[in-house]
Every structure is written in structure tokens, then in C-alpha cells.
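Structural features, examined
Listed below, chain by chain, are the residues.
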Amino acid sequence: MKIRSITTFIQPNWPVNELRLQKAGVFGRHAADSFSKAGIPVQTVRLATPPFGTYLTPEDYASFVTRMEVLAHSEGFEYLSLGPALPEFPQTYAAIPEMLANSGNTFFSGHLTTQEGEISLSAVRACAEIIHRAAPLEENGFANLRFAALANVGPWAPFFPAAYHQGKAPAFALAMEAADLAVTAFSQAKSLKEARDLLIKAIESQAKQLEQVAQKLADAYQLDFKGIDFTLAPFPTHESSLGYALEKLGLPTIGLSGSLAAAAFLTDTLDRADFQRTGFNGLMLPLLEDATLAQRGAEGVLSVTDLLLYSAVCGTGLDTIPLPGITTADQIAAVLLDLAALSLRLNKPLTARLMPIPGKEAGDETGFDFEYFANSRVLDLPAEPLTGLLAGDENISIDSRQNGWI
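Just so it is clear, the structure is predicted and the values come from calculations on it, not from any experiment.

1. Points about the overall build of the chain
Summing up its helical and strand segments, the chain has 11 helices and 11 strands in all. For 406 residues, the compact-globule estimate of 2.2 N^0.38 gives 22 Å, and the chain sits close to it at 20 Å. C-alpha extents for the chain along the principal axes are approximately 55 × 55 × 50 Å. When each of the 406 residues of the chain is scored for burial, the buried share is 57%. Put simply, of all contacts in the chain between residues at least 6 apart along the chain, 78% involve residues at least 24 apart.

2. What to know about the pattern of salt bridges
The final tally for this structure, using the stated rule, is 16 salt bridges. A salt bridge links Glu 75 to Arg 29; its shortest N-O distance comes to 3.7 Å. Residue Glu 75 is found in the loop between helix H2 (61–74) and strand E3 (79–85), and its partner Arg 29 is found in helix H1 (residues 18–37); the two are separated by 46 residues along the sequence. Here Glu 75 falls in the buried class, since its relative accessible area comes to 14%.

3. Topic: the layout of surface pockets
A volume near 650 Å³ is recorded for the largest pocket. As for the largest pocket, its lining consists of 31 residues, of which Arg 46, Phe 107, Leu 145, Glu 289 and Arg 353 are closest to the centre. No other element matches strand E2 (residues 42–48), which puts 3 residues into the lining of the largest pocket. Along the lines of polarity and charge, the residues of the lining of the largest pocket split into 17 nonpolar, 6 polar and 8 charged. By volume, the second largest pocket amounts to about 340 Å³. By residue class, the composition of the lining of the second largest pocket is 7 nonpolar, 11 polar and 1 charged.

4. Some thoughts on the pairing of strand E1 (residues 2–9)
For E1, a buried count of 7 out of 8 residues is recorded, marking the element as mostly surrounded by other parts of the structure. Strand direction decides the pairing type here: E1 and strand E7 (residues 171–177), joined by 7 bridges, are antiparallel. Along E7, the bridge assignment pairs Lys 2 with Glu 177. Note that E1 and E2 share 6 bridges and pair parallel. Among the inter-strand pairings, Thr 7 is bridged to a residue of E2, identified as Arg 46.

5. Overview of the sheet that holds strand E9 (residues 317–324)
With mixed pairing, 9 strands are arranged side by side in an open sheet as E8-E7-E1-E2-E3-E4-E6-E10-E9. Only two strands of the sheet have a single neighbouring strand rather than two, namely strand E8 (224–229) and E9. Taken pair by pair, the neighbouring strands of this sheet meet at an average axis angle of 25°, ignoring direction. As paired elements, E3 and strand E4 (residues 106–111) share 4 bridges and run parallel to each other. What sits directly across from Leu 80, in E4, is Thr 106. Contacts from H2 reach E2, E3 and E4, with the element oriented near 145° to E3. Strands E1, E7 and E8 of the sheet are contacted by helix H6 (residues 192–221), whose axis makes an angle of about 160° with E8.

6. What about the packing of aromatic side chains?
Counted under the stated rule, the structure contains 18 aromatic pairs. When the centroid spacing of 5.4 Å and the interplanar angle of 65° are considered together, the rings of Phe 230 and Phe 275 count as edge-to-face. Remark: Phe 275 occurs in the loop between helix H8 (259–272) and helix H9 (291–299) and Phe 230 occurs in the loop between E8 and helix H7 (242–248); sequence separation between them is 45 residues. The class for Phe 275 is buried, based on a relative accessible area of 10%. Members of the aromatic cluster, each reached through a chain of ring pairs, are Phe 142, Phe 235, Phe 368, Phe 370, Tyr 372 and Phe 373. A cation over a ring is seen here: Lys 226 above Trp 156, with NZ or CZ 3.7 Å from the ring centre. Lying over the aromatic face of Phe 275, Arg 277 brings its terminal NZ or CZ to 4.3 Å of the ring centre.

7. What about H8?
The terminal C-alpha atoms of H8, which comprises 14 residues, lie 20 Å apart, in line with the 20 Å expected from a rise of 1.5 Å per residue. All buried positions along H8 are accounted for by Ser 259, Ala 262, Ala 263, Phe 265, Leu 266, Thr 267, Thr 269 and Leu 270. Buried residues belonging to H8 abut helix H5 (179–188), H6, H7 and helix H10 (304–310).

8. Concerning the environment of Glu 138
As for its position among the elements, Glu 138 is in the loop between helix H4 (121–134) and strand E6 (147–151). With a relative accessible area of 28%, Glu 138 lands in the partly exposed category. Taking the C-alpha atoms as reference, Glu 138 lies 8.1 Å from Ala 101; in sequence the two are 37 residues apart.

Basis of the calculations
- All residue numbers refer to positions counted from 1 along the written sequence of the respective chain.
- Whole-chain, interface and lining totals are the exception, using all residues; otherwise, since this is a predicted model, local features are given only for residues with pLDDT of at least 70 and side-chain atom pairs are given and counted only at 80 or more.
- Neither water nor hydrogens contribute to the side-chain values; these are computed over all heavy atoms in the structure.
- The way it works is that DSSP assigns letters per residue, a run of H or I at least four long becomes a helix, a run of E at least two long becomes a strand, and they are numbered from the N terminus.
- Atoms counted for the radius of gyration: C-alpha only. Globule rule: 2.2 Å times residue count to the power 0.38.
- Type-normalised accessible area, obtained with a 1.4 Å probe on protein chains alone, sets the label of each residue: buried when under 20%, exposed when over 50%, and partly exposed for intermediate values.
- Here a residue-residue contact requires only that any non-hydrogen atoms of the pair lie within 4.5 Å.
- Take a side-chain nitrogen of Lys or Arg and a carboxyl oxygen of Asp or Glu: if they are within 4 Å of each other, that pair is a salt bridge.
- Cavities and pockets are found on a 1 Å grid laid over the protein atoms alone: a cavity is a set of points where a 1.4 Å probe fits but cannot escape, a pocket is an open set with protein on both sides within 12 Å along at least five of seven lines, and a lining residue has an atom within 4 Å of such a point.
- Grid points are joined across faces, edges and corners, and a volume is the space filled by probe spheres set on the points.
- The classification used treats Ala, Val, Leu, Ile, Met, Phe, Trp, Tyr, Cys and Pro as nonpolar, Asp, Glu, Lys and Arg as charged, and all other residues, Gly among them, as polar.
- Two strands form a pair only when DSSP identifies at least two bridges running between them.
- In this analysis, axes come from line fits to C-alpha atoms, helices being fitted only over the stretch in contact, and the angle between any two N-to-C directions falls in the range 0 to 180 degrees.
- Pairing of aromatic side chains requires ring centres within 6.5 Å, counting the rings of Phe and Tyr and the six-membered ring of Trp. Pairs whose planes differ by under 30 degrees are stacked, by over 60 edge-to-face, and all others tilted.
- Only when the NZ of Lys or the CZ of Arg is both within 6 Å of the ring centre and within 35 degrees of the ring normal is a charge said to sit over the ring.
- A helix's residues, less one, multiplied by 1.5 Å, set its expected span.

Shown next as C-alpha cells:
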């Protein structure tokens, strides 16, 4: 287990309040050192701001990205998130492809849903257009690693690209990389009950140590500690693979029938652990970041439809999904609409980080040379453009499912 990110949240202002940024940098360095001395490795230190459209004007977007990326890097932040485009600021969506092209370590996102709990059809299409336009910006479609469409996602989730701040008071949160805890627990267990008990015990033990260090930091720097996102993020090795952990429960292959039940079991186990929470705290199934998922995708067992189905009972949505380079914005919009509807009906946060790869067709090998990815094959996208009423500009109100009969 390691901390994938210590994510600090600040309001940077424009022109940038450099003293505020310097203080955040001092905190980030001290926090990384404190957790490391406690025996908990830290992978990255990151910085997130409120939605950029709330504190910038369109004419300032380009200069802010350039300036902020330099300043954040100089203070020790490996990655920067400028918060999501918002339906109430439609111009913010159109600006993201250019900002992606002119930055290297800055992440962006766009809300599919409104503050009133509605799906914005205009925002769905805008996010789909961003994904489509971003695909050719970098080799192998890598620019889309730095963009995600968000549905029903609140502030202070520490995982990128979803991270964003709200308000003025600085805060921080922890994003974990802890799939190995599930692999260990499920490999040792002789029953489902024991598997659950072992994983809960491991999470709570680690969380207690994390919270002790975090609270000392919060008190010392007068920052608000928002909590831990114990979403069991994987790494592309089998010992840190959530696909492998689920198969250790008894699945012949993830993607076959029974996978939904296994995913629900794991997420329900996470729900029973006691710790201070923020963000998703679910089951993350990023195809290209998980060795077993990548393998099953290459074998044709695991599809986009499967992964969206599992999002109903577990994780963060559709993440690092390789798609054909000819995928259109209209096809992507249909998938994003499904994801947004699922998030509102189930009252849970979901995201989509989709990667059309120029020059690749469904079934082609991905061929990445990237230490954080396992290679797979490009997945087919069973989608066609929406027409009629669903192709309009309305906001769709979808209430969460109530318990009992209606």
C-alpha cells in the first residue's frame, strides 16, 4: 500500500497569490516527509483548485495555465488540477482542448451534471467533443489521460482528474493505492466472511495510522483534513491488481457472470470499514492501469458495457479505456449520457476517462511504452449517435431511486 497522492486544495486567485502557493508547497513537502517517516510511501504530491471558470475570465485562461503550471512545479507539486468546466459557464468546455495542448502536467475535467442534480445534454456533448478533440494532441491519445467527464462528483476527491476545491479555506486529502490489500486478504481467506474481515482489518489499521499523521499536519498548518479516499486503486502488476483480487474470490475470469457480485462484495466491504472519508471510496477498475483487467480486455472477455455495468455496484466509472481512433464525439456522448444517468439514479459519483487512440481499430494491440499502463487491446464501443429528444439541449432531471415500492 502507498499514498498515490497527497492532494492539497487551495484558491490560487488571479494574479496568482504566490505566498499562498508557497505555503501550500511547504505543507506538501512536509506532509510527504511525515508520511514517509511513518513508513507509508508517497507517490506524488498534487495541487487542485476550484473550477477555473469561477475565478478566471476567458481571456486569462491561457496565461493562467502557463503561469500556474510553472509556479506549482517550482513548489514541488508534480501535477495540477484546475477543476471542472461547469454547465453554468459553457465557454469553459470549449477552452479545455487548447489548454490541454499547451500544458504538460495540468489536469482538467467537465461536469455532465448540474448542481440541481440534472443531466445537462449540452454539457454531455461538450465533454464528448473535448475527448474527441484531445485524442490527436499527443501520441497514443495520451492527452485524454488529463481529462475526465464527471457525473455527480463533489469537491475534495483527491484522485485526478476529478479533484477540485470549493471555498477559500485550504484543505488536503489522501488518495490511496491499495489494491494489494485486497489481493493479500482474499488470497489468505478460507471463506467470504474471512475475506471481508481481513480486508476491513487491514484498511482500518492503515487508516488509523494515516489519520494520526494527517491530523498532526492539519493542526500544525491550520488546514482542513478532508479525509481518505480508500478507493482500491491498482498498479499494473498482478500483486496490485483488483482484477486479480476479484478472481481470487472464485471468478474464473473477470468479465464473466459472477463478476458483478464479486465487485459488489468488495465495495460493500469497503463501505463497512471505519475511517474518515472523502471522494469515491469504491472499486476502481481502470483497464490500462490493472494487469488483469488489461489482459481480460485483450482476450475479449471484458467490454465497455461490462465495466459500466460494474459501476452500478462499485467504483468510479469508466477509466483509461482504449477506444478506436475513429470514434466520434456523438458516439462518446451516448456513453457519457448513460454514465450520468447511472450516477444520478444511484446517487453516486462516477467519471469517464476515455482514450480514442489515433490510427488504432477495435482489436488492435495498444502498444504503450508507459510504466503506469499494462498493454491490452482497443475495445469496441457499441454506440451510435443519439437522435430526437435525447439530442436536444435540455437538462434532464433524474431522481435517485427510493427504497421500497413507488
